[in-house]
Amino acid sequence: MSRQVENENVPAAEPRESSPKILAQEIIERLTYRIGKDPKVAKPHDWLTAAILVARDRITDNWMDSTRKTYESGRKRVYYLSLEFLIGRLMRDAITNLGIDEALREALGTFGVDIDVIAQLEPDAALGNGGLGRLAACFMESMATVDIPAYGYGIRYVHGLFRQQMSDGWQVELPETWLAHGNPWEFERRESSYEIGFGGSVETVNIDEEVTRYLWKPAERVIATACDTPVVGWRAKRTNTLRLWTAHPIDPILLDAFNAGDHIGALRESNKAESLARVLYPADATPAGQELRLRQEYFFSSASLQDILRRHLQQYPDFTSLPDKVSIQLNDTHPAVSVAELVRLLTDVHGLSFDQAWDIARHTFSYTNHTLLPEALETWPVPLFERLLPRHMQIVYAINAKIMIEARKEKRLGDEAIRTISLIDESGDRRVRMGNLAFVGSHSINGVSALHTELMKDTVFADLHRLYPQRINNKTNGITPRRWLMQCNPALFSLIREAIGDAFMDDAEELKALDAFADDREFQARFAAIKRDNKVKLAQLVQNRMGVRLNPSAMFDIQIKRIHEYKRQLLNIIEAVSLYDQIRSHPELDWVPRVKLFAGKAAPSYHNAKLIIKLANDVARVINNDPAVRGLLKVVFVPNYNVSLAEIMVPAADLSEQISTAGMEASGTGNMKFALNGALTIGTLDGANVEMRDQVGEENIKIFGMTAEEVSKARAEGHNPRAIIEGSRELSQALQAIASGVFSHDDRGRFSGLVDGLYSHDWFMVAADFDAYAKAQREVDALWTDEAVWYGKTIRNTARMGWFSSDRTIRQYSKEIWRAG
Ligand SMILES: *Cc1c(COP(=O)(O)O)cnc(C)c1O
């Protein structure tokens, strides 16, 4: 019946041996025959590629085995659709999960090659902006680890997130060229190609009295071709596929035009097609709103759905079984057009009725919401949507008609509620609401932390929630402990293993056995020594890249994440300015030496975020060069934040800054990484911080500031930031210094707009939370001065963070949303 069955006589591959000797032989073999290099002249990069190919062969055996078993068992497949996968480097992940890391180190060592050195050469695949994309990457690893047959679908951007450079303290964006040396992880699948249409018109064909068929005649067509990267789970439990689409023209060159002398015009189609997969939009938590973005969304949604339906028909006779055999998770609204695309494919291409198709779609999709900011919810102008996707526009209207009828039947919903439920926003120029489309087209809608889930029900989706009260549920985010403990902090990992044995390696919640060591002075000393080594490594990086010398005995206070006003790097910088004032005014006091480290990228079009980076750098220059500070405070903005930098900075943190305006951070995952690696958190009651407090205990986390409820009340009733500022001596002095140009002699008014915003509206409650934050910081100082207390708390953080493993999150998705057991 299908290909797999026809080839059943092909034997499964023999398991490969992975002794250092065999690995060494294979490395030489790959170097010679696949890379074509004489080992005598091979460059570090060649060794890296050879090592990856050796690992990849082992993963490939496992991969084929996993795929075959899924087919034979008839298990449900899960598809994770995401416009972003912030993967980072893959080699260390792959070899630790395969369990060949030590053997490979030894094998390379026999040729005088240091695996740690060549590992640094692997490009950092940054096909995402921040938390949403990193979550997708952690989920891919966890789905393989907990043995769920899963595929990630996305776009293989030629240029991922830009490389950030500093020029005189300003962010400069440079193109990222992660594919410059090729990508040994991926397999291009020319045979898995699909046509994707845009524009054109829809013809109506009346088959008979009852049945009308719609025929979309796109004006433009491009080809989507699959590129597969295997993702191996912990202990090689199974290997799943990350399938990223590349775009190609139908006709690579218009030969007629070329021969007629139009050499540039002949290539236009080709350039246009390829532009689809060229760059990742660099905005985080705000929709790009550009036509190319909608094209990208449809391109990858359509290719993925065609692929899913083809695979289903290869195994099953028709689509009635689709919801039993397929779950499609929409990572935010970026793939929401998939709802309309599935209905189109099932009706127009496969001949199902609209009602059948709609029923199947609703039982197949589920949707994860990542933000409540009303301005961040994607909408598209109806004229653009209609021009680019005329058939989908019809389907959206048809779905909307059904929903409106259901809503009208629900007596409790008034006209206003019905207007907010509609897929079309009629309040201004008409727009398609992608959040509503994803919501009505899914059987499950999840928030990403407990607080965020409750806020979803109360705010943006309140009326949809009243119409479909069973749909919203919570799945608190997680992080993979393989990358975010085992690999990034090998010394801490070994210490834990020595103390509590191996059980935590397969179940992160077993980390709680470490609690028994929290007050053990000898254990504390070893824990502290590891933290110090990690800080020395980070200090070396900062010294090499920026020429700033850091004292590893100082408290390393770290805030790394996208630069966004709601994340409030500004609050942290103002506090640094205030602390600077106080250190100079009160030299007689015992100040705790601190290093405040920042890293993060700003969207290129986000003016205030870029100004905040400049402010951090301006403040750093003044403080770091003022002898009156006596080295008690340093401020550093480390350029080009990405996964690889996080892997170095997270293990080196004493204090983790998670200080978003309450109600605005959906979950956060950076917060989890730090606490797992033994940092104390200073944070607001926002996102997953709330659940972190519940897990680690409120005495082991420093919570401050307004609650989400207080923030929304202050916004609704109006608050008076000017009075707040004038009531705080420290805050007004710090703001005056910033606004008057103390840190910007070359342009004294540079930051006056930023400061004016705090006086006039303070939307993000920076002024409102300042005093509470400063007070919390001094309490943190007091904890720091007692090492036994400090390490007691930080060890308990590591011990109690196991629940935030993404394995737990994925098990919940699997049990409660996908039913993919
Ligand atoms: C974890 C991570 C994030 C998310 O950080 P938050 O603090 O949760 O915003 C963003 N970028 C990178 C590179 C990460 O590793």
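Rules behind the numbers
Residues numbered from 1 in each chain as written. Predicted model: local features only at pLDDT ≥ 70, side-chain atom pairs only at ≥ 80, totals over all residues. Heavy atoms only, no water. Helix = DSSP H or I, 4+ residues; strand = E, 2+ residues; numbered from the N terminus. Rg over C-alpha atoms; globule rule 2.2 N^0.38 Å. Buried < 20%, exposed > 50% of the residue type's maximum accessible area, 1.4 Å probe, protein only. Contact = heavy atoms within 4.5 Å. Areas by Shrake-Rupley, 256 points an atom, 1.4 Å probe, with all protein chains shown as cover. Lys, Arg positive; Asp, Glu negative; His and termini not counted. Charge placed at Lys NZ, Arg CZ, Asp CG, Glu CD. Near = heavy atom within 4 Å. Polar contact = N/O pair within 3.5 Å; in protein donor to acceptor, adjacent residues only side chain to side chain. UniProt positions renumbered as here; feature names shortened; annotations may be inferred. pLDDT = per-residue confidence, 0-100. Phe/Tyr/Trp six-rings, centres within 6.5 Å; stacked < 30°, edge-to-face > 60°. Core = buried A, V, L, I, M, F, W, Y, C linked by side-chain atoms within 4.5 Å. Salt bridge = Lys/Arg side-chain N within 4 Å of Asp/Glu carboxyl O. Pairing = 2+ DSSP bridges. Axes fitted to C-alpha atoms, helices over the stretch in contact; angles between N-to-C directions.

Some points on the overall build of the protein
- Scanning the protein from N- to C-terminus turns up 34 helices and 24 strands.
- In terms of overall size, the protein behaves like a compact globule, its C-alpha atoms giving a radius of gyration of 27 Å where 821 residues would be expected to give roughly 28 Å.
- Its C-alpha atoms put the protein at 90 × 70 × 60 Å along the principal axes.
- With 821 residues in all, the protein has 60% of them scored as buried.
- Counting contacts in the protein only where the partners sit at least 6 residues apart, residues at least 24 apart contribute 77% of the total.
- With the model as given, the accessible surface of the protein reaches about 32100 Å², and the carbon-plus-sulfur share is 51%.
- The average position of the 98 basic charges and that of the 110 acidic charges among the side chains of the protein differ by 1 Å.

Things to note about the site of the ligand
- The immediate surroundings of the ligand are formed by 15 residues, with Lys561, Lys567, Thr669, Gly670 and Lys673 found nearest.
- Contact distances for the ligand include 2.8 Å between an oxygen atom and a backbone N or O atom of threonine 669.
- Here an oxygen atom of the ligand and a side-chain polar atom of lysine 673 are 2.7 Å apart.
- Relative to its free-state accessible area of 390 Å², the ligand is covered by the protein chains to the extent of 96%.
- Counting residues per element, the ones that place at least two in the shell around the ligand are α25 (643-649) and α26 (670-676).

Remarks on the UniProt feature "modified residue: N6-(pyridoxal phosphate)lysine" (unreviewed entry) in the protein
- UniProt's feature table lists "modified residue: N6-(pyridoxal phosphate)lysine" (unreviewed entry) at Lys673, given in the numbering used throughout.
- In this fold, lysine 673 is placed in helix α26.
- The contacts of lysine 673, once residues within four sequence positions are left out, are Arg134, Ile479, Trp484 and Val650.

Some points on the confidence of the model for the protein
- The predicted model of the protein averages 96 in pLDDT, with 99% of residues at 70 or higher.
- Across the protein, the element-wise mean pLDDT spans from 49 in helix α1 (residues 3-6) up to 99 in strand β22 (residues 655-658).
- Across residues 1-5 the pLDDT falls below 50, and counting only partners more than four positions away or on other chains, this stretch makes nine contacts in the model.

Concerning unusual backbone geometry
- The phi torsion at alanine 285 lies on the positive side, around 65 degrees, for a residue other than glycine.
- Residue placement: alanine 285 occurs in the loop between α9 (265-275) and α10 (291-315).
- Taking the relative accessible area as the measure of exposure, alanine 285 reaches 26% and is therefore partly exposed.

A look at the packing of aromatic side chains
- On inspection of all chains with the given rule, the structure shows 22 aromatic pairs.
- Considering the side-chain rings of tyrosine 79 and tyrosine 151, the 5.2 Å spacing of their centres and the 25 degrees angle between planes classify their relative orientation as stacked. Linking tyrosine 79 in strand β1 (residues 77-81) with tyrosine 151 in strand β4 (residues 150-155), this pair joins segments that are 72 residues apart in sequence.
- For tyrosine 79, a relative accessible area of 1% translates into the label buried.

Points about the nonpolar core
- Counting 258 residues, the largest nonpolar core has Met143, Phe299, Phe385, Ile574 and Leu597 as its most contacted members.
- Look past the residues within four positions of leucine 597 in its chain and what remains in contact with it is Leu538, Val542, Leu550, Phe556, Asp557, Ile558, Gln559, Val636, Val638 and Met649.
- Counting six residues, the second-largest nonpolar core is a separate cluster that includes Ala662, Met706, Ala714 and Met765.

Notes on the pattern of salt bridges
- Counted under the stated rule, the structure contains 74 salt bridges.
- One salt bridge in this structure joins arginine 419 and glutamate 416, with 3.0 Å as the shortest N-O distance. Of the two residues, arginine 419 and glutamate 416 both sit in helix α16 (residues 415-421), three residues apart, roughly one turn of that helix.
- Between arginine 621 and aspartate 618 there is a salt bridge; the shortest N-O distance is 3.2 Å. With arginine 621 and aspartate 618 both in helix α24 (residues 607-624) and three residues apart, the pair spans about one turn of that helix.
- A relative accessible area of 40% places arginine 621 in the partly exposed class.
- Linked through salt bridges whose partners overlap, the residues forming this network are Arg16, Glu26, Glu29, Arg30, Arg34, Asp57, Arg58 and Asp61.

Description of the pairing of strand β6 (residues 170-174)
- Looking at chain direction, strand β5 (residues 163-167) and β6 are connected through five bridges and run antiparallel. Residue pairing in the sheet places arginine 163 in a bridge with leucine 174 of β6.
- With antiparallel pairing between neighbouring strands as the criterion, β5 and β6 make up a hairpin whose turn holds two residues, including aspartate 168 at a positive phi of roughly 55 degrees.

Quick notes on the sheet that holds strand β24 (residues 702-703)
- A sheet is described by the order of its strands in space; here six strands give the open sequence β21-β20-β19-β22-β23-β24, paired in parallel fashion. Edge positions in the open sheet fall to β21 (633-637) and β24, since each of these has one partner strand only.
- Contacts from helix α22 (residues 521-546) reach β19 (555-560), β20 (594-599) and β21 within the one sheet, and its direction differs from that of β19 by about 65 degrees.

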